[in-house]
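Coordinate analysis (summary)
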Amino acid sequence: ADSAAEAIHDSWAATRISQGWQYGPKRDDNLKHHPGIVPYNDLTEDEKVYDRATAESTLAALIFKGFSIDKSS
């Protein structure tokens, strides 16, 4: 789940950056600052738990819809 969580976080961060957001120690919607715009490994454990849960629920939804997931080397 960590690799999926990292991919989800990276995608989220890339989207935010493309929208003009940047790292800031405190979230500020007017300045477009967000403390989560950091590499996955630099997130707090609580933020990683959130991203893991997002990844797990996304994968579960895909399986529920009939998709299969195969691990390739």
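For the structure, check the block above.
Before going into details, it helps to say that this report is about the structure given with it. (Residues numbered from 1 in each chain as written. Predicted model: local features only at pLDDT ≥ 70, side-chain atom pairs only at ≥ 80, totals over all residues. Heavy atoms only, no water.)

Looking at the overall build of the protein chain
Basically, it comes down to this: Helix and strand assignments follow DSSP, with helices taken as H or I runs no shorter than four residues and strands as E runs no shorter than two, numbered in order from the N terminus. Radius of gyration: over C-alpha atoms. The globule rule applied is 2.2 Å multiplied by the number of residues raised to the 0.38 power. For the exposure calls, accessible area comes from a 1.4 Å probe over protein chains only, and a residue counts as buried if that area is under 20% of its type's maximum, exposed if over 50%, partly exposed in between. Two residues form a contact once any of their heavy atoms are found within 4.5 Å. To measure how exposed things are, a 1.4 Å probe is used in the Shrake-Rupley method; for residues, cover is taken only from the protein chains shown.
Helix and strand content of the protein chain: two helices and two strands. Sequence-ordered secondary structure for the protein chain, helices as α and strands as β, is α-β-β-α. For a compact globule of 73 residues, the expected C-alpha radius of gyration is about 11 Å, and the protein chain comes in at 14 Å, more than 25% above that figure. By its C-alpha atoms, the protein chain is 40 × 25 × 20 Å across when sized along the principal axes. Taken over 73 residues, the protein chain has a buried fraction of 19%. Sequence-distant contacts in the protein chain: of pairs separated by 6 or more residues, those separated by 24 or more amount to 37%. If you sum the accessible surface of the protein chain, you get close to 5500 Å²; carbon and sulfur atoms cover 55% of it.

Structural notes on the side chain of His-9
We apply this condition: Polar contacts, as used here, are pairs of N or O atoms within 3.5 Å; protein pairs need one atom able to donate a hydrogen and one able to accept it. Residues neighboring in sequence count only if both atoms are side-chain atoms.
With respect to the helices and strands, His-9 occurs in helix H1 (residues 2–18). A distance of 2.7 Å separates a polar atom in the side chain of His-9 from the backbone oxygen of Val-38. Polar contacts involving the side chain of His-9 include one to the side chain of Asp-51, which spans 3.5 Å. With sequence-adjacent residues up to four places away left out, His-9 is seen in contact with Gly-36, Val-38, Pro-39, Tyr-40, Leu-43 and Asp-51.

Some thoughts on helix H2 (residues 45–64)
Put simply, the test is: Residue count minus one, scaled by 1.5 Å, sets the expected span of a helix. The directions from the helix axis to the C-beta atoms form the arc being described.
In a regular helix each residue adds 1.5 Å, so 20 residues correspond to 28 Å; H2 covers 28 Å between its end C-alpha atoms and thus fits that length. Of the residues making up H2, those classed as buried are Lys-48, Asp-51, Arg-52 and Ala-55. For H2, the angular spread of buried residues about the axis comes to 105 degrees, placing them on one side. The exposed set on the far side of H2, more than 90 degrees from its buried face, consists of Asp-46, Tyr-50 and Phe-64. Its buried side turned inward, H2 meets H1. Backbone geometry just after H2 places Gly-66 at a positive phi near 105 degrees.

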